[in-house]
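Chain by chain, the residues:
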Amino acid sequence: MTESITSVKKQHLLINGEWVEAGEYSRLRSPYSGEIIAEVPMATGAETELAIEAAVNARQVMAKMPAHRRAEILENLVHSLRERAEEAAEIIALEAAKPIATARGEVGRTIETYKFAAEEAKRIHGETLPLDAARGGENRLAYTVREPIGVIGAITPFNFPMNLVAHKVGPAIASGNTIVLKPASQTPLSSFFIAELLLEAGLPKGALNVVTGSGRVTGDKLVTDDRVSMITFTGSPAVGIGIRSKAGLKRVTLELGSNAAVIVDKDVDLDKIIPRCVTGAFAFQGQVCIALQRAYVHEDVYEEFVGKLVEETKKLVIGNPFDEQTDVSALISAGDVERTLGWIEEAKNHGAKVVAGGHAEGNILYPTIILEADEALKVSCNEVFAPIVVVNKVKNVAQAIEQVNDSRYGLQAGIYTNDVTTALNAADQLFVGGVMINDIPTFRVDNMPYGGVKESGTGREGLKYAIEEMTEMKLVVWNRN
């Protein structure tokens, strides 16, 4: 497939197992070429209400469905997605401008994520409790069970339009919940595709509903409706904080922003780590929550690190996301290009040095390396969500840890060192949700707990951990007297 579009498909809302024509549509354009690629429904408050009502009505069906059946539905999805993997990758490349090789990687992870969900559906259990450990607890049997929380409102971002949906939809189905899914406005096609496969897989009507449109309409309705028991959101801190303030007593999981950092100690073999750092900084144009944005490099190897990083970065292939050789393509919008160019200009005006990239062609921002940037500059302290990495010189690892922690974010961090004590100290002292020793902060596999501290969010994803968030614990006590 190439990005040349011969026909534009009109999508529809999924409500109660039926594809429903909306009252209003918007045109979806390719981030790379600007071509119209689809007509996407703009759900109204009333249409979102119907989706919530369908999810409420399907609650008992899903809650009573045996674990083996929930697992079977997810396994059916895995089978279908494997058969249509290339089609899925092309959808991601089309709507997100994700290079096709990277898009295939996302599809592979999505398959694995739903596979994990199918397996975890069979592992949801409680425990027995020794009540006789307490005075007055004799002759009583106690145990806990986990029950589905109810209707889950899932709001997903553009950057992993298939796999981040899987991290919400997969555990929700596995644990017997129903879902109203609002995908990102730029990348709804992946969600419609997965919804179609889930209907074919045997998911009951109303268990998954997909509404697209304005966050101020559909998103706010999900967040404020009392029938929605939980919101799981991945996106910006500003929106996440707003969700938290409006959600009331709903359970809320927030996966928010980051300016993820790596520390490079003086004893590291740079030739081994430079390609990994380039991948962490520039894969999918840096539009990854845990993209490598800040590097703190020991002064003894700083110059060599910068030289090798620039050399490796210049090897990246820039262009059409459907070209098999492309490493970096367009940012998600022209506004993001304008924003990041402004941040680069601010850095230059305050004495920072741009040693690679720093310019754009169309919606493509060339991979950019910035040196000597003050910690207060936007490229350092905000989330750039673009192919930009800031490299800083430090005297020692202790100074690096202090600077990594001097951030309002705390999702993941990495450290490269050959000293075990240094690594263990970093693991203790870095105030983040995950520490990657001898790797970049961008490492993630889909069964590990994933989440952050500070403005990087609350709660954890990763199938087992998401299921814990999406279920309630109930205690049962039998009096044997």
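Just so you know, these numbers come straight off a predicted model, no measurement behind them.

Novice: How would you explain the overall build of the protein if you had to name every residue and give the values?
Specialist: In terms of helices and strands, the protein carries 16 helices and 25 strands. Computed over its C-alpha atoms, the radius of gyration of the protein comes to 23 Å, within 12% of the 23 Å expected for a compact globule of 481 residues. Reported as C-alpha extents along the three principal axes, the dimensions of the protein are approximately 75 × 65 × 40 Å. By sequence separation, contacts in the protein at least 24 residues apart represent 74% of the contacts at least 6 residues apart. On the protein, roughly 19,600 Å² of surface is accessible, and the fraction owed to carbon and sulfur atoms is 49%. Counting 49 positive and 63 negative side-chain charges, the protein places the averaged centre of each group 6 Å from the other.

Novice: Explain the pairing of strand β5 (residues 36-41) to me, and be specific about the residues and the numbers.
Specialist: Successive side chains on a regular strand alternate, one facing one side of the sheet and the next facing the other. Where strand β1 (residues 9-10) meets β5, two bridges bridge the pair, whose relative direction is parallel. Residue pairing across strands places Lys9 opposite Ala38, the latter belonging to β5. Where strand β4 (residues 25-29) lies against β5, five bridges are found, and the strand directions are antiparallel. Across the sheet, the residue bridging to Arg29 is Ile36, located in β5. Count of turn residues in the β4/β5 antiparallel hairpin: six residues, of which Gly34 carries a positive phi of about 80°.

Novice: Before we move on, can you summarise the nonpolar core with the specific residues and values?
Specialist: Across soluble globular proteins, nonpolar side chains show a tendency to be buried alongside one another. Counting 57 residues, the largest nonpolar core has Tyr114, Val169, Leu198 and Leu208 as the members making the most contacts within it. Within the second largest apolar cluster, 28 residues are counted, among which are Leu270, Tyr302, Leu316 and Ala356.

Novice: Outline the pairing of strand β13 (residues 261-264), listing residues and values.
Specialist: The alternating pattern of β13 places Ala261 and Ile263 and Val262 and Val264 on opposite faces, both of which are buried. As defined by bridge partners, β13 adjoins strand β14 (residues 294-298) across four bridges and the pair is classed as parallel. In the sheet register, Val262 faces β14, and the bridge partner there is Ala295. Crossover connection from β13 via helix α10 (residues 270-282) to parallel β14: handedness right-handed. Where β13 meets strand β21 (residues 412-416), four bridges bridge the pair, whose relative direction is parallel. Directly across from Val264, in β21, lies its bridge partner Tyr416.

Novice: Explain the pattern of salt bridges to me, using residue names and the numbers behind them.
Specialist: Tallied over the full model, the rule gives 28 salt bridges. With a closest N to O distance of 3.2 Å, Glu18 and Lys205 form a salt bridge. Taken together, the residues Glu18 in strand β3 (residues 18-20) and Lys205 in the loop between α7 (189-201) and β10 (208-210) connect sequence positions 187 residues apart. Of the charged contacts, one joins Glu455 and Arg408 as a salt bridge, the two residues approaching to 3.1 Å between their closest N and O atoms.

Novice: So, the sheet that holds β5: which residues are in play, and what are the values?
Specialist: Two orientations exist for strands paired in a sheet by backbone hydrogen bonds: parallel and antiparallel. Overall, mixed pairing links the three strands, which are arranged β1-β5-β4 in an open sheet. Each edge of the open sheet carries a strand with a single partner, namely β1 and β4.

Novice: Go over helix α15 (residues 420-429), please, and point to the residues and values.
Specialist: Within α15, the full set of buried residues consists of Thr422, Ala423 and Ala426. Relative to the axis of α15, the buried residues are bounded by an arc of 100° and lie together on one face. Facing away from the buried surface of α15 by more than 90 degrees, the exposed residues are Val420, Thr421, Leu424 and Asp428. Tucked into the core, α15 has its buried residues touching α14 (397-405), β21 and β22 (434-437). In this structure Asp419 caps α15, since a side-chain oxygen of it lies 3.1 Å from the backbone nitrogen of Thr421.

Novice: Which residues make up the state of the cysteines, and what values go with them?
Specialist: By the definition in use, this model includes zero disulfides. In this structure Cys277 is not part of a disulfide, and its nearest cysteine sulfur, from Cys289, lies 19 Å away.

Novice: Outline the sheet that holds β13, listing residues and values.
Specialist: Here we have seven strands laid out as an open sheet, ordered β15-β18-β19-β14-β13-β21-β22, and mixed in their pairing. Where the open sheet ends on each side, the last strands, each with one partner, are β15 (353-356) and β22. Sheet twist, expressed as the average angle between the axes of neighbouring strands with direction ignored, equals 25°.

What counts and what doesn't
Residues numbered from 1 in each chain as written. Predicted model: local features only at pLDDT ≥ 70, side-chain atom pairs only at ≥ 80, totals over all residues. Heavy atoms only, no water. Helix = DSSP H or I, 4+ residues; strand = E, 2+ residues; numbered from the N terminus. Rg over C-alpha atoms; globule rule 2.2 N^0.38 Å. Contact = heavy atoms within 4.5 Å. Areas by Shrake-Rupley, 256 points an atom, 1.4 Å probe, with all protein chains shown as cover. Lys, Arg positive; Asp, Glu negative; His and termini not counted. Charge placed at Lys NZ, Arg CZ, Asp CG, Glu CD. Pairing = 2+ DSSP bridges. Core = buried A, V, L, I, M, F, W, Y, C linked by side-chain atoms within 4.5 Å. Buried < 20%, exposed > 50% of the residue type's maximum accessible area, 1.4 Å probe, protein only. Right-handed = clockwise from strand over helix to strand, strands pointing away. Salt bridge = Lys/Arg side-chain N within 4 Å of Asp/Glu carboxyl O. Arc of directions from axis to C-beta. Polar contact = N/O pair within 3.5 Å; in protein donor to acceptor, adjacent residues only side chain to side chain. Disulfide = S-S within 2.5 Å. Axes fitted to C-alpha atoms, helices over the stretch in contact; angles between N-to-C directions.

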